[in-house]
Amino acid sequence: MITAEQYDRLARAVEKNLPVSVRLNLKAAASAGDTDGMNIIGEIPGGAKKDEVVMIGAHFDCWHSGTGATDNGAGSAVMMEVMRILKTLRLPLDRTVRIGLWSGEEEGLFGSRAYVKEHFADPKTMHVTAEHARLSGYFNLDNGSGKIRGVYLQGNDAMRPVFQAWLAPFHDLGVSAITIRNTGGNDHLSFDAVGLPGFQFIQDPLDYGTITHHSDMDTYDHAIAADLMQASAVIAAVVYEAANRPEMLPRRELPKAP
Ligand SMILES: [Zn+2]
């Protein structure tokens, strides 16, 4: 991976048939000595329905060349702030609220997939555990530092009126988009794959796709404090509503084992 500016300069030269040579100085070593990752799990115990769970999460690993401020320090920081907000305000929560900060996302959602397999269902067999029936939903954040603009329904149209009601108080903060579309590549898919309601929020793209994503420019300078605070407030409200909603969240049909 190189930054877009470096790549573009090479590409322009190639287009003009100018000879391009690149000299790389790599001092790297690969090790198979320690291949374990670790998920970070925490929770605020619920009240009347404490055996039922609402989960939030983000991946905690990053690429090596930057510090991973936007991918995915931003998402992890927002989700930790959501827990802090709920805890600090001492809001009554019927259901238990649990956070998962996943490892190994960049190698293939390994952390969240392992957690889902251990706790909820193995997507290969679709044998579900007792916990599967008690997870109301999972909310993920992993598209950089931009503020929240809405949510992807992952094909679960029964969630549309639910999100419409939850997000209505945030229209003046620019949160209004609700799309039936699927968004791929992030940890909510591990839950979605076994029939659990898993969602990712729509965010302002900022310079995520063009500058910081997986590049050595993924540094603290590109984390926008005001946007992260907006995202924290929106998700804290969503989690509060999910934890206290009389019913569990509506689900799509349980997928069949392949
Ligand atoms: Zn990411």
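All of these numbers come straight from a predicted model, not from anything done at the bench.

## Digging into the packing of helix α2 (residues 69-88) against helix α7 (residues 225-244)
Relative orientation and spacing of two packed helices are given, respectively, by the angle between their axes and the distance between those axes.
Alright, step 1. One way to put it is that α2 packs onto α7 with a least axis distance of 8 Å and a crossing angle of 55°. Between α2 and α7, the crossing angle belongs to the class labelled oblique. Two packed elements cross with a definite hand, and for α2 against α7 that hand is right-handed. Counting all contacts with α2, which are made through A74, A77, V78, E81, V82, I85 and L86, the residues of α7 involved are L228, A231, S232, I235, A236, V239 and Y240.

## What about the environment of Q203?
Alright, step 1. Checked against the element boundaries, Q203 lands in strand β7 (residues 198-203).
Alright, step 2. For Q203, a count of 21 C-beta atoms within 10 Å corresponds to the buried category.
Alright, step 3. Aside from chain neighbours lying at most four places away, what touches Q203 is N143, G144, G146, K147, I148 and R149.

## Thoughts on the nonpolar core
Alright, step 1. Among the nonpolar cores identified, the biggest contains 51 residues, and V78, V82, V151, I235 and V239 are the most heavily contacted of them.
Alright, step 2. Residue contributions to this core peak at ten residues, all from α7.
Alright, step 3. Leave out the neighbours within four places in its chain, and V239 touches V54, I56, V82, L86, V97 and F139.

## Comments concerning helix α4 (residues 160-167)
Alright, step 1. For α4, the full list of buried residues reads V162, F163, W166 and L167. Looking down the long axis of α4, one finds its buried residues gathered within 115° of arc, a one-sided arrangement. Turned more than 90 degrees off the buried face of α4, the exposed positions are P161, Q164 and A165.
Alright, step 2. Taken together, the buried residues of α4 touch β5 (148-152), β6 (177-179) and α7.

## Focus: unusual backbone geometry
Alright, step 1. Between D71 and N72 the backbone carries a cis peptide bond, its omega angle lying at 5°.
Alright, step 2. Among the structural elements, N72 can be located in helix α2.
Alright, step 3. For N17, which is not glycine, the phi torsion reads 60° and is therefore positive.
Alright, step 4. With respect to the secondary-structure elements, N17 resides in the loop between α1 (4-15) and β1 (40-44).
Alright, step 5. Look at Q154: it is not a glycine, yet its phi comes out positive at around 55°.
Alright, step 6. Along the chain, Q154 falls in the loop between β5 and α4.

## Here we look at the sheet that holds β5
Alright, step 1. Overall, mixed pairing links the seven strands, which are arranged β1-β3-β2-β4-β7-β5-β6 in an open sheet. Looking at which strands have only one partner, the edges of the open sheet turn out to be β1 and β6. In this sheet, adjacent strand axes meet at a mean angle of 25° when their direction is disregarded.
Alright, step 2. In terms of strand pairing, β1 meets strand β3 (residues 95-102) through five bridges, oriented antiparallel.

## Some words on the environment of D122
Alright, step 1. Mapping D122 onto the fold places it in the loop between α3 (110-119) and β4 (135-140).
Alright, step 2. Assessed through the 15 C-beta atoms surrounding it within 10 Å, D122 is described here as partly exposed.
Alright, step 3. Not counting residues up to four positions away in its chain, the partners in contact with D122 are K117 and H127.

Calculation criteria
- Think of each chain on its own: its residues are numbered from 1, step by step along the sequence as written.
- Only residues with pLDDT of at least 70 get local features here, since the model is predicted, and only at 80 or more are side-chain atom pairs given and counted; chain-wide, interface and lining totals rely on the full set of residues.
- To obtain an axis, a line is fitted to C-alpha atoms, over the contacting stretch when the element is a helix, and the angle between two such axes runs from 0 to 180 degrees between their N-to-C directions.
- Put simply, DSSP marks the helices as runs of H or I at least four residues long and the strands as runs of E at least two long, and each gets a number from the N terminus on.
- What sets the label is the angle itself: under 35 degrees gives roughly parallel, over 145 gives roughly antiparallel, 65 to 115 gives roughly perpendicular, and the rest give oblique.
- Crossing handedness is read from the near helix: turned anticlockwise from the far helix by less than a right angle, it gives a left-handed crossing, and turned clockwise, a right-handed one.
- Contacts here follow a simple rule: the backbone-placed C-beta atoms of the two residues must lie within 7 Å.
- Working definition of burial: number of other C-beta atoms within 10 Å of the residue's own, with buried at 20 or more, exposed at 12 or fewer, and partly exposed in between, all C-beta atoms being placed from the backbone.
- Residues of type Ala, Val, Leu, Ile, Met, Phe, Trp, Tyr and Cys that are buried and joined through C-beta atoms within 7 Å form what is called a nonpolar core.
- Arc, as used here, means the arc of the directions from the helix axis to the C-beta atoms.
- Any two strands between which DSSP finds at least two bridges are classified as paired.

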